[in-house]
Amino acid sequence: MARLKMDIELALGEFRLAVTQSLELEGSTALFGPSGSGKTSLLRVIAGLETQARGRMVSGQDTWQDSKTGAWVPPHRRELGMVFQDARLFTHLSVTGNLRYADRRARSTEIDIGFSEVVAAMDLSPLLDRKVDGLSGGERQRVAIGRTLLRRPRLLLMDEPLAALDRQRKAELIPYIEALPARFGIPILYVTHALEEVGRLADRMLVMSEGRVLTTGRTAEVMESLDLLPLTGQFEAGVLLEGRVLGQDPTYALTSVEVAGQTLVVPALDLPDGSAVRLRVRARDVALAKEKPHGLSIRNILSARVLDVAAQPDTAFAEVLLDLDGVHLRARITRASVAELGLKPGDALYALVKSIAVDRSLLSVET
Amino acid sequence: MSAVELTPIWLTLQLATVTIVLLLVIATPLAWWLAGTRSRLGAMVEAVTALPLVLPPTVLGFYLLILLSPQAPIGRFWVALTGDSLTFSFSGLVVASMLYSLPFVVQPLQSAFTAVGRGPLEAAATLGASPLDAFFSVASPLAARGYLTATVLGFAHTVGEFGVVLMVGGNIPGRTQVISIAIYERVETLDYAQAHWLSALLLGFSFAVLMLVYTVNRRAPVRVV
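Chemist: I keep staring at the interface of chain B and chain A and nothing clicks. Help me out?
Modeler: Buried accessible area, meaning the area lost when the parts come together, often serves as the stated size of an interface. Taken together, the contact pairs 17 residues of chain B with 22 residues of chain A. At the level of elements, helix 6 (119–126) and helix 7 (131–142) of chain B are the ones that each hand at least two residues to the side of chain B that touches chain A. The element contributing the most residues to the side of chain B that touches chain A is helix 6 of chain B, with 6 residues. For the side of chain B that touches chain A, the class distribution of residues is 11 nonpolar, 4 polar and 2 charged.

Set out below in structure tokens:
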């Protein structure tokens, strides 16, 4: 499998980016981190848009950059596509004009993507004759993604394509991006600072902070192993659980999902039994009880064991890491509760899960 | 009007047309470079480009007269090449007009290119367009309004010049006598009727041209497709 190997440095004023990585070019990989962590700069270095970058960048057999030998492949010969946060459609061309612009310049004969196929995948036919100026934010991004696909890239770079959109438009656009890897088979590098998007869109992730890569790995593993709290803000921190659909309860529109030998119920999922799914559970949505509680509206009660208790100094809160037969869960509770329940590693207790977000199905992905 | 009065008009139009065509060719790369460069040289080149705005036309005309004369290297080279002198000739007028109108063409182009910015060009590059391709397919159409302003202003300014033309070209009917100089000569010879005609023509033309520029600049960006 092709890899993207890099050992690069870039100084932009005070900021310094230094990344040594070998990325697998398959499926989708998220570049995740807070604003200013260097995600976008890294993407621009990969695209060849940062001419000040020093070091080496090798994609498969092609050396794109090597400061030692002076090798440099300009962006237009790198056979990659980039979707920008602000879409960057050409305002002097219509939607069709924008698509044809990329279509005409595509060189690759190996990647078989047809014009009408892209128009269908991105639902662009009602937009084709429109002027770019009249499009909504979501429509712009669909055109931008379609245009980039028609470049027939070997690698698709996406720089926070959802960041400029409101919540509803984001929700409308996500399924299109979600479907890209399976539909077109192009590896994707996806920059985002939203954990929600990582969980839903990426197989693997690369966590960045202050110009460096902190960690990389499969999304679920990184999310449960790493304390992402300082990077995400306390509201979004949580874990990804991988589970399998057990069965449906049509009466109450619920689906039961097995996770590490225990059963969770979630709002009905239109998936056959046995399908793999990812569940994202935020730490703030997990409460703890020493004894199995009764008379509660919460349906998801899991037995778990305390692995670690991390009080957050100067705040009211503590984070408790739980073990469910090898799978981890995080709970964010008050330090007062930790003291009252006398929580310590090894304690057996019950985790009450108030809310679960279901991320994309893993039907075709080997786990 | 007799044929004699039409000659300066025809000559002026020829001069302005040749000048603006050549100027657009030269000013485009210059404005492009100025819009993109961060070097100190940029400021210097910008200042030199803007000099004709502040210099008295006589100063510019004087230096040109010296530079272009058959005794100077440039003038001598031109004589060797074409057999004709650069001073007191149509070719000399074109050179002088190009210098004189340069800021009126470079500045609108430069601000248009700056307004286009790097964004669309980066997008074009990632879509497989070479820098030259991106310039012609993206940057220049997006700068179309700048081109229109530059063309109209450069043309009109060339039509309206007097001092530089008189210094470099003199007053040779049919060869270097453009409208503005014809007006001067009519006034000198107290032929006020002809002077009125030509002056009113220039006034009307200049007003119409400026109206066009300001109207277009108030409207939405120019669209090519």
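Next, the rest of the story.
Chemist: Whenever I open this one, the sheet that holds strand 2 (residues 15–24) of chain A confuses me. Can you help?
Modeler: Strand pairs in the sheet, formed through backbone hydrogen bonds, run parallel or antiparallel to each other. Residue and element names in this part refer to chain A. With antiparallel pairing, 5 strands are arranged side by side in an open sheet as 2-1-4-5-6. With one partner strand each, in any of the chains shown, strand 2 and strand 6 (71–72) form the two edges of the open sheet. Both strand 5 (residues 62–66) and strand 6 contribute to a ladder of 2 bridges, which runs antiparallel. Paired with Q65 across the strands is W72, a residue of strand 6. Those strands touched by helix 1 (residues 39–47) are strand 1 (3–12), strand 2 and strand 4 (54–59), and its axis lies near 115° from that of strand 1.

Chemist: Explain the confidence of the model for chain A to me, please; I cannot follow it from the model alone.
Modeler: Interpreting fine coordinate detail is not advised for predicted regions of low pLDDT. This prediction gives chain A a mean pLDDT of 87; 93% of its residues lie at or above 70. Across residues 361–367 of chain A the pLDDT falls below 50, and counting only partners more than four positions away or on other chains, this stretch makes 14 contacts in the model.

Chemist: Any chance you could explain unusual backbone geometry here in plain terms?
Modeler: Most peptide bonds are trans, and most residues other than glycine sit at a negative phi. All names here are of chain A. Backbone geometry at R88 places phi at a positive 55°, although glycine is not the residue there. Among the secondary structure elements, R88 is positioned in the loop between strand 7 (80–83) and helix 2 (95–105). Judged by C-beta crowding, with 22 C-beta atoms within 10 Å, R88 ranks as buried. Despite not being glycine, E160 shows a phi value in the positive range, around 45°. Along the polypeptide, E160 turns up in the loop between strand 8 (155–159) and helix 5 (167–184). E160 sits in the buried class, given 22 other C-beta atoms within 10 Å.

Thresholds, definitions, all that
Residues numbered from 1 in each chain as written. Chains lettered and ligands numbered in written order. Predicted model: local features only at pLDDT ≥ 70, side-chain atom pairs only at ≥ 80, totals over all residues. Contact = placed C-beta atoms within 7 Å. Helix = DSSP H or I, 4+ residues; strand = E, 2+ residues; numbered from the N terminus. Nonpolar A, V, L, I, M, F, W, Y, C, P; charged D, E, K, R; others polar. Pairing = 2+ DSSP bridges. Axes fitted to C-alpha atoms, helices over the stretch in contact; angles between N-to-C directions. pLDDT = per-residue confidence, 0-100. Buried ≥ 20, exposed ≤ 12 C-beta atoms within 10 Å, placed from the backbone.

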